[in-house]
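So the chains spell out like this:
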Amino acid sequence: MTDAPIAARRPTVREHHGHRFEDPYEWLREKEAPEVIAHLEAENAHSDAATAHLAPLRERIFQEIKGRTLETDLSVPVREGGWWYFGRSIAGAEYGEHCRVPVIGPDDWTPPQVPEADGDAVVRLPGEEVLLDENAEAEGHDFFALGSFDVSQDGRLLLWAVDTEGDERYTLRIRDLSTGETLPDLLEETAGGSFFDPSGRYVFSTTVDEAWRPDTVWRHEVGTDSADDVRVFHEPDERYWVGAGLTRSNRFLLIELGSKITSETLLLDAGDPTGAFAPVWPREEGVEYDVEHAVIDGEDRLLIVHNRQALDFELVSVPAADPLAEPLVLVPHREGVRLESVDAFAGQLALEYRREALPRVAVARLDGAPLAFDELATEGALDALWLSGNPEWSQPALRLSSGGFITPRTVLDLDVASGERTVLKRQPVLGGYDPAEYAEARDWAVAEDGTRVPVSLVWRRDVVGDGPAPTLLYGYGSYEHSIDPGFSIPRLSLLDRGVVFAIAHVRGGGELGRAWYEHGKTLTKVNTFTDFVAVARHLVASGRTTPEQLVAEGGSAGGLLMGAVANLAPEAFAGILAAVPFVDPLTSILDPSLPLTVIEWDEWGDPLHDPAVYEYMAAYSPYENVRADAEYPRILAVTSLNDTRVLYVEPAKWTARLREVGAPVLLKTEMSAGHGGVSGRYESWRERAFELAWMLEVLGRAD
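Residues numbered from 1 in each chain as written. Predicted model: local features only at pLDDT ≥ 70, side-chain atom pairs only at ≥ 80, totals over all residues. Heavy atoms only, no water.

What is the right way to look at the overall build of the protein in this model?
Scanning the protein from N- to C-terminus turns up twelve helices and 39 strands. Taken over C-alpha atoms, the radius of gyration comes to 26 Å for the protein, in line with the 27 Å a tight globule of 703 residues would show. Based on the C-alpha atoms only, the size of the protein along its principal axes is roughly 70 × 60 × 55 Å. Residues counted as buried form 57% of the 703 residues belonging to the protein. Excluding contacts between residues fewer than 6 apart, the proportion of contacts in the protein whose partners are at least 24 apart in sequence is 58%. When the accessible surface of the protein is totalled, it reaches about 27,700 Å², and 49% of it is carbon and sulfur. Each charge class in the protein can be summarised by its mean position, and for the 63 positive and 119 negative side chains these summaries are 4 Å apart. (Helix = DSSP H or I, 4+ residues; strand = E, 2+ residues; numbered from the N terminus. Rg over C-alpha atoms; globule rule 2.2 N^0.38 Å. Buried < 20%, exposed > 50% of the residue type's maximum accessible area, 1.4 Å probe, protein only. Contact = heavy atoms within 4.5 Å. Areas by Shrake-Rupley, 256 points an atom, 1.4 Å probe, with all protein chains shown as cover. Lys, Arg positive; Asp, Glu negative; His and termini not counted. Charge placed at Lys NZ, Arg CZ, Asp CG, Glu CD.)

The structure is reproduced here in structure tokens:
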């Protein structure tokens, strides 16, 4: 095995608010420097050598994932305009195809039936048209991602935008689907989410600033040079992220602005796409709101989900012609029930919200009767339910998806008038998967301050007994992002080997409402870390596992969690997997020139200008608090060279510092990928197989 690379110490000094920090590894930030690339390649060579004996296990896990997956498959078609749109995967192909077939007539709301296939044979639907083959787009590139995909409402024009570097800057092109000709139009360095206006004459797109923040909305006229594009809107405040869209009704174009704590929506009549956008509600610090257009009792109304004097948000309605009029409350604020969004259709409204740590959906009919939302039931106690693919304003049914930890995803249509549900597809799991062989449960741990922290648990019944079992504990806990129940084919390779999968729903996430998030950010961020440690210790104290049988995993902001708990409680874990980990947060948040730094100040605090925030972050930053007196568990850090959200340098520096104190750490860097890792599905399966094999060895289940 190769020796572990030892990074040279080249101290630089950082001084803020009277504090002095000597950073020996900041030189690793020079991404283009040959010595930095050489160091990362040496780390990869060391990781490869250290895990070479796991190659047979990795291959078995990869084959298990592949063998359980229906490789040639297609999504349930979704109607939009005169077409049914769907995606298709083909065995052996890394990427998918985007396809469509024409509807039979205006009343055709039943998705076309998929013909029976023989094995991996591709059976096309009658009239099927392949709009975009991602494999052809990806040919010759190590990385590929699609950032925009939209078809004009008359079905004639297609726009798509691709990234082949991993830096989330996309090149947009337009194709005439009637002729197959790719038009000369070329929009470079766009952000994701570009779209046609209802006329199909214009494309609206966004671009990013030097810090990778989408800050500007542009209008491009199809068939013209992009040099003539019109700048529609620019947001100078670096805390705000800018996006654009279209209401389902096609009545309004929207520009949506959001910081971590404040938002604003601008509207424009879609019939006048060259006109001026106007705000719905003026920007108000600390107030967040989203806007949807509805027609209620023949009147154009704006539905607004907001948190003004409503911590967990409420739903109100205002006249579209006078949005500053006194709002009509449709769903009042209820503490602990976090309203998330409302979707309006010609005949119904659908409300998505979170109750008791689970996503829920309620529906109200627009039939002239008093408005009443009825919650939809779920199949299992820990199943999630969400809206899924509903672009048509006049559709009579709602497309829903449901699923859980042991229940594969199910796609269904709900007939709103009758309440009848039609199952359209259940996620296939090849090889005889039986949900009855697995179990799931909700548990609660008690944090240091007495707060009860929810824990989700999943295991295979016949291989996990009453005693302690090998366990993978996952956590995130930032940005009000909730870790919801969801089925995973790769996870079966752990469960079938007797590993329990657990999720610590720590503060900083959104599982239990806005307060749960507020108590795990800025100057209460440490709650996220201590909650996770409390869950780990609860699992041990309750007899479910032991420290020698416990591996922790988290990615991105969850990687910060991993770095923090490694310092707080290294004895609590046998191993820690940190994916694209945010482990040098203070260095990043202090530098406004780095990607997305200023917009993050509302999440973490502003240590550049606030001494209290600086001291608080300095006390928990994983990189700055590596302990010489600790016996660290085995650590695997994985990152990507072209990641623009969490730069590769953070885990690189962290690894160097850990190795300096003798920690058993490996660093694996994808040299041509972004924040989400490698892009092709087979490559992503191999990447996950690498991680799972490492975990299984740490847990003593590598046989």
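Sorry, what's going on with the nonpolar core here?
Grouped burial of nonpolar side chains is what soluble globular proteins tend to show. Ranked by size, the top nonpolar core spans 114 residues in total, and within it Leu-473, Phe-532 and Phe-573 carry the most contacts. No other element matches helix H12 (residues 681-698), which puts ten residues into this core. Once residues within four sequence positions are removed from consideration, Phe-573 is found in contact with Phe-532, Ala-536, Pro-547, Leu-550, Ala-552, Val-565 and Pro-633. Val-305, Val-331, Val-337 and Val-342 belong to the second-largest nonpolar core, a separate cluster that totals 18 residues. (Core = buried A, V, L, I, M, F, W, Y, C linked by side-chain atoms within 4.5 Å.)

How do you make sense of the sheet that holds strand S26 (residues 358-365) when you look at a structure like this?
The strands making up a sheet are joined through hydrogen bonds of the backbone, oriented either antiparallel or parallel. One open sheet holds the four strands; their spatial order is S24-S25-S26-S27, and the pairing between them is antiparallel. Two strands bound the open sheet, and with one partner strand each, they are strand S24 (338-344) and strand S27 (374-375). (Pairing = 2+ DSSP bridges.)

Before we go on, may I ask you to explain the sheet that holds strand S33 (residues 452-460) in this structure?
Across the sheet, eight strands lie side by side as S32-S33-S35-S34-S36-S37-S38-S39; this open sheet has mixed pairing. The sheet terminates laterally at strand S32 (438-446) and strand S39 (665-670), the two strands that pair on one side only. In this sheet, neighbouring strand axes are inclined to one another by 20 degrees on average, regardless of whether the strands run parallel or antiparallel. Against the sheet, helix H11 (residues 649-660) engages strand S37 (575-579), strand S38 (634-640) and S39, with an angle of about 160 degrees to S39. (Axes fitted to C-alpha atoms, helices over the stretch in contact; angles between N-to-C directions.)

What am I meant to see in the pairing of strand S20 (residues 289-296) here?
In summary, the side chains of a regular strand alternate between the two faces of the sheet. Counted residue by residue, S20 has six buried out of eight residues, so it is predominantly covered. Note: S20 against strand S21 (residues 299-306), eight bridges, orientation antiparallel. Along S21, the bridge assignment pairs Asp-290 with Val-305. Turn length for the S20-S21 hairpin, with the two strands adjacent in sequence and antiparallel, is two residues, and the turn residue Asp-297 shows positive phi of about 55 degrees.

Where do I start with the pairing of strand S30 (residues 410-415) in this structure?
Among the six residues that make up S30, five are buried, leaving the element largely enclosed by the rest of the structure. Pairing of strand S29 (residues 397-403) with S30, which is carried by six bridges, proceeds in the antiparallel orientation. Across the sheet, residue Ser-402 finds its bridge partner in S30, namely Thr-410. Sheet topology note: the S30/strand S31 (residues 421-426) ladder contains five bridges and is antiparallel. In the sheet register, Leu-414 faces S31, and the bridge partner there is Arg-421. Taking the residues between adjacent antiparallel strands as the criterion, S30 and S31 are bridged by five residues, where Gly-419 takes a positive phi near 80 degrees.

Looking at this structure, I do not really get the environment of Val-101. What am I missing?
By the element assignment, Val-101 lies in strand S6 (residues 97-102). The buried category is assigned to Val-101, whose relative accessible area is 2%. If we ignore the near neighbours within four places in the chain, the residues touching Val-101 are Trp-83, Trp-84, Phe-86, Pro-112, Leu-125, Pro-126, Gly-127 and Glu-128.

I keep staring at the packing of aromatic side chains and nothing clicks. Help me out?
Ring pairs (aromatic) are described by centroid distance and by the angle formed between their planes. Taken as a whole and assessed by the stated rule, the structure comprises 13 aromatic pairs. Among the aromatic side chains, those forming a connected cluster through ring pairs are Phe-62, Tyr-682 and Trp-685. Directly above the aromatic system of Trp-212 lies the positively charged group of Arg-169, at a separation of 3.9 Å from the ring centroid. The aromatic ring of Phe-62 is capped on one face by Arg-686, whose charged end is 3.7 Å from the ring centroid. (Phe/Tyr/Trp six-rings, centres within 6.5 Å; stacked < 30°, edge-to-face > 60°. Lys NZ or Arg CZ within 6 Å of the ring centre and 35° of its normal.)

Would you take a moment to explain the pattern of salt bridges for this structure?
Any two side chains of opposite charge can pair, on the condition that their charged atoms come close. Here the structure, examined in full by the defined rule, presents 56 salt bridges. Linking Arg-88 and Glu-128 is a salt bridge whose minimum nitrogen-to-oxygen distance equals 2.8 Å. Remark: Glu-128 occurs in the loop between S6 and strand S7 (129-133) and Arg-88 occurs in strand S5 (residues 83-89); sequence separation between them is 40 residues. Summarising the burial analysis for this pair, Arg-88 and Glu-128 share the class buried. Between Arg-156 and Asp-176 there is a salt bridge whose closest N-O contact spans 3.2 Å. With Arg-156 in the loop between strand S8 (145-151) and strand S9 (157-163) and Asp-176 in strand S10 (residues 170-176), this residue pair connects regions lying 20 residues apart in the sequence. One salt-bridge network, held together by shared partners, links Asp-23, Glu-26, Arg-29, Asp-584 and Lys-653. (Salt bridge = Lys/Arg side-chain N within 4 Å of Asp/Glu carboxyl O.)

I tried to follow H12 on my own but got confused; where do I start?
Compared with the 26 Å implied by 1.5 Å per residue over 18 residues, the 26 Å span of H12 between its first and last C-alpha is a close match. Counting buried positions along H12 gives 13 out of 18 residues, so the element sits mostly inside the fold. Once H12 finishes, Gly-700 follows within two positions and takes phi at roughly 75 degrees, a positive value. (Expected span 1.5 Å × (residues − 1).)

I keep staring at unusual backbone geometry and nothing clicks. Help me out?
Across residues other than glycine, the phi torsion is negative in most instances, and most of the peptide bonds are trans. The backbone of Asn-250 sits at a positive phi, close to 65 degrees, despite the residue not being glycine. Mapped onto the fold, Asn-250 is located in the loop between strand S16 (241-246) and strand S17 (252-258). On the accessibility criterion, Asn-250 (28% relative accessible area) is partly exposed. Unlike most non-glycine residues, Tyr-479 shows phi in positive territory, near 60 degrees. Mapped onto the elements, Tyr-479 comes out in the loop between strand S34 (471-475) and helix H4 (489-495). For Tyr-479, a relative accessible area of 27% puts it in the partly exposed group.

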